[in-house]
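An overview of the molecular structure
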Amino acid sequence: MLVPHSDFAPEGPQPMEVAPAETTNTVDAQAVDDPPSARFTWTIENFSRLNTKKLYSDIFYVGGYKWRVLIFPKGNNVEHLSMYLDVADSPTLPYGWIRYAQFSLSVINQIHNKFTARKDTQHQFNARESDWGFTSFMPLSELYDPGRGYLVNDTIVVEADVAVRRVVDYWSHDSKKETGYVGLKNQGATCYMNSLLQTLYHIPYFRKAVYHMPTTENDMPSGSIPLALQSLFYKLQYSDTSVATKELTKSFGWDTYDSFMQHDVQELNRVLCEKLEDKMKGTVVEVWTTNRQERSRFMIFSWMLRAVVMFMLLLTSMWRWNVLRVITNIMLNNMGYRMQGRGVLFIDFPPVLQLQLKRFEYDFMRDTMVKINDRYEFPLQLDLDRENGKYLSPEADRSVRNLYTLHSVLVHSGGVHGGHYYAYIRPTLSDQWFKFDDERVTKEDLKRALEEQYGGEEELPQTNPGFNNSPFKFTKYSNAYMLVYIRESDKEKIICNVDEKDIAEHLRIRLKKEQEEKEQKRKEKAEAHLYTIIKVARDEDLLEQIGRDIYFDLVDHDKVRSFRIQKQMPFSLFKEEVAKELGIPVQFQRFWLWAKRQNHTYRPNRPLTPQEEAQSVGQLREVSNKANNAELKLFLEVELGQDLRSIPPPVKSKEEILLFFKLYDPLKEKLRYVGRLFVKANGKPGEILTKINEMAGFSPDEEIELFEEIKFEPNVMCEHIDKKLTFRASQLEDGDIICFQKLPQVGSSEQRRYPDVPSFLEYVHNRQVVRFRSLEKPKDDEFCLELSKLHNYDDVVERVARHLGLNDPSKIRLTSHNCYSQQPKPQPIKYRGVDHLSDMLVHYNQTSDILYYEVLDIPLPELQGLKTLKVAFHHATKEEVVIHTIRLPKQSTVGDVINDLKTKVELSHPDAELRLLEVFYHKIYKIFPLNEKIENINDQYWTLRAEEIPEEEKNLGPRDRLIHIYHFMKDTAQTQVQVQNFGEPFFLVIHEGETLAEVKVRIQKKLQVPDEEFSKWKFAFLSLGRPEYLQDSDIVSSRFQRRDVYGAWEQYLGLEHSDNAPKRSYAANQGDREYGMYPP
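Residues numbered from 1 in each chain as written. Predicted model: local features only at pLDDT ≥ 70, side-chain atom pairs only at ≥ 80, totals over all residues. Heavy atoms only, no water.

The next thing to look at is the overall build of the protein. Assigned secondary structure in the protein consists of 27 helices and 57 strands. When each of the 1080 residues of the protein is scored for burial, the buried share is 50%. (Helix = DSSP H or I, 4+ residues; strand = E, 2+ residues; numbered from the N terminus. Buried < 20%, exposed > 50% of the residue type's maximum accessible area, 1.4 Å probe, protein only.)

Given below as structure tokens:
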């Protein structure tokens, strides 16, 4: 997903440590139509040793602007490399500056250039979004993987291709007005789905079939794919603004996080059509999906097109097509069977043809997916009858003319790690093409829809034609991945008229109602300046909410009766509206204004004066609510007589105070509203105890305690009221709240969790229900615990341990929740690393209610004092490699690691000596000295290998040499010779005067390679990546003069052969997953 790193990164906003801006001011020049373009290359050495959180490149210029690349070497709080393009001088630019650029960012694969990780996008930069790019550019595991080729000699190469474009006012574009069509909103990473949905929608016959699918008024779009699709298509057809897809994705069973993940568009196409087909079975629509009463099929074939790239041909659109005989050797993995022969003949073709170009394929050599950006030209018209119908079987109906016209071009822009999808469509097959790019729909010409989507390379014009400089070429990463053709003979049938009569009546009613409600909301929003929202709270609201929805203050104003009143209406007429709505005569109404106090509480402040009630609603709102004129909040006081009927409110003197009362029951731990009273300011609480007891239903002489609820943010303040003091002396005023409870009996042995009002309010304010999930199952809630935000670390783990039945809470390790990715944070919470539960739940500006737990085999404090290393032990005689987890104090040495390892492994003989190696990119970079401290050893990206030291290495003669031997292949696809290492490197002792033929005998014996296979191997001396092939008679020792084996040698004996040997078995000694590795 494309995000500005500082605002919407998955781990939240990051404080910027921006380098000091240059002192020179540059004028932000206007971009021109012919976009200036440039490529910037950034070589970063010692990459794995970088200790900075983020790193800026040098400044470079494109289009007269200053740019730079920003990277987070260890990820912007994600397990991915994060990379952005940044406006270098944004702090010094004038107010309101903007600039628009189309750019791609790449991490070059230094072994196989075609595997370069690349993503491209476009963005309008401004002061708030001065950097833009990819928080999850590529997984760190791939970047640091020795076999991938991105990090070579601890160096990575970053490229930025930047083209400055004319500034576009994106938001003012009205797609409906400009094109007659509307777009689809992107939920985060749903552009791939949007392009497919637009393509399907603009096949009118398909749209009509969707409308005819049986649905009922009782169905809910979020639970029914057909109804959700019907609703979506209806809105695309009749709406004036872009349409949301949330109902459809909910019907897929997706949550919010799924909408931020790119899915496979071909798989979505298949599943969606299958779901619709199942819904159509047994209905009048079934004829649309069948031909000769047979079920439609999806089948996928791989053809060689133009002898350049393998593509997939997906024949679909729900009409049956038949394969008569097969003449090519194709394996249909998804179908579960094999077809033999050299080709495919068809009985018939469908009226709508979808061609899925195989832009993505699995590279078995690299063990990864790659995107193919090679050029593939596709025609405006496709003739499948050409060459006398060579694709048709003898049984085919030759009277059907299989001439197809291009309808849609679906485009992917980016690389295998992600990108952007959009579609070029001509809905009526006219000459006018339209680009559907999420919410934006624009008119485009034929060249943009076809030629610019072929892929391949593009050559930019030379900036200095007079000089003999080579043209600037770059790979086009935006190219077609799916084509839709419509058969000419079926064009009238497919491009048919679809109107309201094709839509079920219940669907029309439902969607028209939704449209009317939406229009009403729009109208209300447009007329909002003419109206005032008045929210009226009553005793009934307080009685309903206090103790259920709220505990502090008096009412949630969002849940009370609201009135939308014209500002010009006299307040006296509003009172008549209230009388009609609530049944309270005007003469019995008295309204109070609410006031927000300095301590952030919200209380009734004073009744409206007759002069205020004579004003208009708008005037009253402005006078009463200067800080926020959006709405007017009132409390309606209604007095009841003994018969519980409304009576006129009594005259309120200046000496009277309106107080509200809440009753607390310590036994039930309940708080509720019981009423309000007017009291004399000079009176004392003792004078009203009888009335308070009456409101609570207590006996008149019940002894009670009184507390004033003062505030609750940021902390609760609830103080005891001295009954001997007057209300004025206790600083009580209109709108104050008194909480009371029965006086605890002296000598009572009953224990209460929260014996008084202050302790209960403190509990309510800080209580937090936490959902706990096992770290092994991060999507499933396992149990919930009610905790306090004030609980410290020990309190929380103790409660978790108690729930799990664990005796030792220190073995519990907790991990916080990432609110953006909906996943556990990468790093767990350190032992006593936070003060309170609230600190565990806060994620930047969001608060979560999720924690992840794991049960350790040793206490966490002890574990944090240890260094954990994963060491791969290579047995001297067995093929098996076992991964051992070594835990030792951080101050331990490599010698301690070896001694610990000896107790866990099987040695070839009791006196065997071990050594520890650092292996990176299939090369041995280091033999660790026994006295080296293990605290700084990094086993996350490097492999730690332990092995026995062979006896011959212990007794090296003065003229013997210990050399590195590595496996390698040459990349024939590169213009220059590129060497790719693989497999397990090893040492070998070579003797003075020993020929290659003699060395080969020992290597073959060591690796146990069969004669036939070994005869194909080539042997070369490699220095700085350049192979020099050796003959059997060559003296090997003459090439290796250095005795040092402690550095990362670039001189080694290379074994060139294909990597087709069986993988070596890796096992783990503690139930870890198994690994595969090349043979040594």
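Attention now moves to the nonpolar core. One finds W67 and L143 to be the most contacted residues of the largest nonpolar core, which totals 44 residues. Setting aside anything within four residues of it in sequence, one finds L143 in contact with F47, L81, V107, M138, Y150, L151 and I156. Residues Y201, Y205, F206 and A423 belong to the second largest nonpolar core, which totals 43 residues. (Core = buried A, V, L, I, M, F, W, Y, C linked by side-chain atoms within 4.5 Å. Contact = heavy atoms within 4.5 Å.)

Another aspect to go through is the state of the cysteines. By the definition in use, this model includes zero disulfides. C718 takes part in no disulfide bond, and the closest cysteine sulfur to it belongs to C739, at a distance of 5.2 Å. (Disulfide = S-S within 2.5 Å.)

Right, let's talk about the packing of aromatic side chains for a bit. Enumeration over the complete set of coordinates arrives at 37 aromatic pairs. Considering the side-chain rings of F772 and F783, the 5.2 Å spacing of their centres and the 15° angle between planes classify their relative orientation as stacked. Highlighted residues: F772 in strand β38 (residues 767-774) and F783 in strand β39 (residues 783-788), separated in sequence by 11 residues. Taken as a pair, F772 and F783 share a single burial class, namely buried. One aromatic cluster in this structure is built from Y551, Y664, Y754, F760 and Y763. Above the plane of the ring of Y201 lies R207, whose end atom (NZ or CZ) is 4.0 Å from the centre. Seen from the ring of F698, K742 lies directly overhead, with NZ or CZ sitting 4.8 Å from the centre. (Phe/Tyr/Trp six-rings, centres within 6.5 Å; stacked < 30°, edge-to-face > 60°. Lys NZ or Arg CZ within 6 Å of the ring centre and 35° of its normal.)

Within the secondary structure layout, S848 lies in the loop between β44 (846-847) and β45 (850-855). Reaching out from S848, the side chain makes a polar contact with the backbone nitrogen of I850 at a distance of 2.9 Å. With residues up to four places along the chain from it excluded, the contact list for S848 reads H817, C819 and L841. (Polar contact = N/O pair within 3.5 Å; in protein donor to acceptor, adjacent residues only side chain to side chain.)

Here the focus is the sheet that holds strand β40 (residues 812-815). The strand order β39-β38-β45-β40 describes an open sheet built from four strands, whose pairing is mixed. Of all strands in the sheet, those bounded by a partner on one side alone are β39 and β40. Neighbour-to-neighbour, the strand axes of this sheet turn through a mean angle of 40°, independent of strand direction. Where β40 lies against β45, four bridges are found, and the strand directions are antiparallel. In the strand pairing of β45, T815 is matched with Y852. Against the sheet, helix α20 (residues 757-766) contacts β38 and β39, and its axis sits at roughly 40° relative to β38. Set on the sheet, helix α21 (residues 793-804) makes contact with β38, β39, β40 and β45; between it and β39 the angle comes to about 150°. (Pairing = 2+ DSSP bridges. Axes fitted to C-alpha atoms, helices over the stretch in contact; angles between N-to-C directions.)

This next bit is on the sheet that holds strand β36 (residues 717-720). Pairing in this open sheet of five strands is mixed, and the strands run β34-β33-β37-β35-β36 from one edge to the other. At either end of the open sheet lies a strand with only one pairing partner, and these are β34 (670-680) and β36. Pairwise comparison of adjacent strand axes, ignoring direction, gives a mean angle of 30° for this sheet. Sheet topology note: the strand β35 (residues 704-711)/strand β37 (residues 737-742) ladder contains six bridges and is antiparallel. Within the sheet, the bridge partner assigned to I704 lies in β37 and is K742. Relative to β34, helix α19 (residues 689-696) is tilted by about 145°, and along the sheet it contacts β33 (656-665), β34, β35 and β37.

With that out of the way, let us pick up the packing of helix α6 (residues 225-238) against helix α14 (residues 505-526). At a minimum axis separation of 11 Å, α6 and α14 run at an interaxial angle of 60°. Here α14 runs oblique to α6, going by the angle between their axes. Judged by the twist between their axes, the crossing of α6 over α14 is right-handed. Where α6 approaches α14, its residues L227, Q230, S231, Y234 and K235 are matched on the opposing element by H506, L507, R510, L511, K512 and E514. (Parallel < 35°, antiparallel > 145°, perpendicular 65-115°, else oblique. Left-handed = near helix turned anticlockwise from the far one by under 90°.)

This part is about the confidence of the model for the protein. With 80% of its residues at a pLDDT of at least 70, the protein reaches an overall mean of 80. Under a pLDDT of 50 for its full length, residues 1-34 has, in the predicted model, 90 contacts with residues more than four places off or in other chains. Contacts for the low-pLDDT stretch residues 1070-1080, under 50 throughout, to residues beyond four places or in other chains number 36 contacts. (pLDDT = per-residue confidence, 0-100.)

With that settled, the discussion passes to the environment of M482. Among the secondary structure elements, M482 is positioned in strand β25 (residues 478-487). Residue M482 is classed as buried on the basis of its relative accessible area, which comes to 1%. Spatially, the C-alpha atoms of M482 and Q356 are 4.5 Å apart, while their sequence positions differ by 126 residues.

Okay, the pairing of strand β54 (residues 1026-1029) next. In this structure, strand β53 (residues 1018-1023) lies alongside β54, joined through four bridges in antiparallel fashion. Residue F1021 lies in a different strand from β54, and its bridge partner there is E1028. Taken together, β53 and the strand that follows it, β54, pair antiparallel across an intervening segment of two residues, in which L1024 is found at a positive phi of about 55°.

In this structure, P714 follows E713 across a cis peptide bond, with omega equal to -5°. Within the secondary structure layout, P714 lies in the loop between β35 and β36. The residue D553 is not glycine, and still its phi comes out positive at about 60°. Turning to its location among the elements, D553 is positioned in the loop between α15 (539-545) and β27 (561-566). For D553, a relative accessible area of 8% translates into the label buried. A positive phi angle is found at Q1008, which is not glycine, with a value near 55°. Structurally, the position occupied by Q1008 is in the loop between α26 (996-1007) and α27 (1011-1014).

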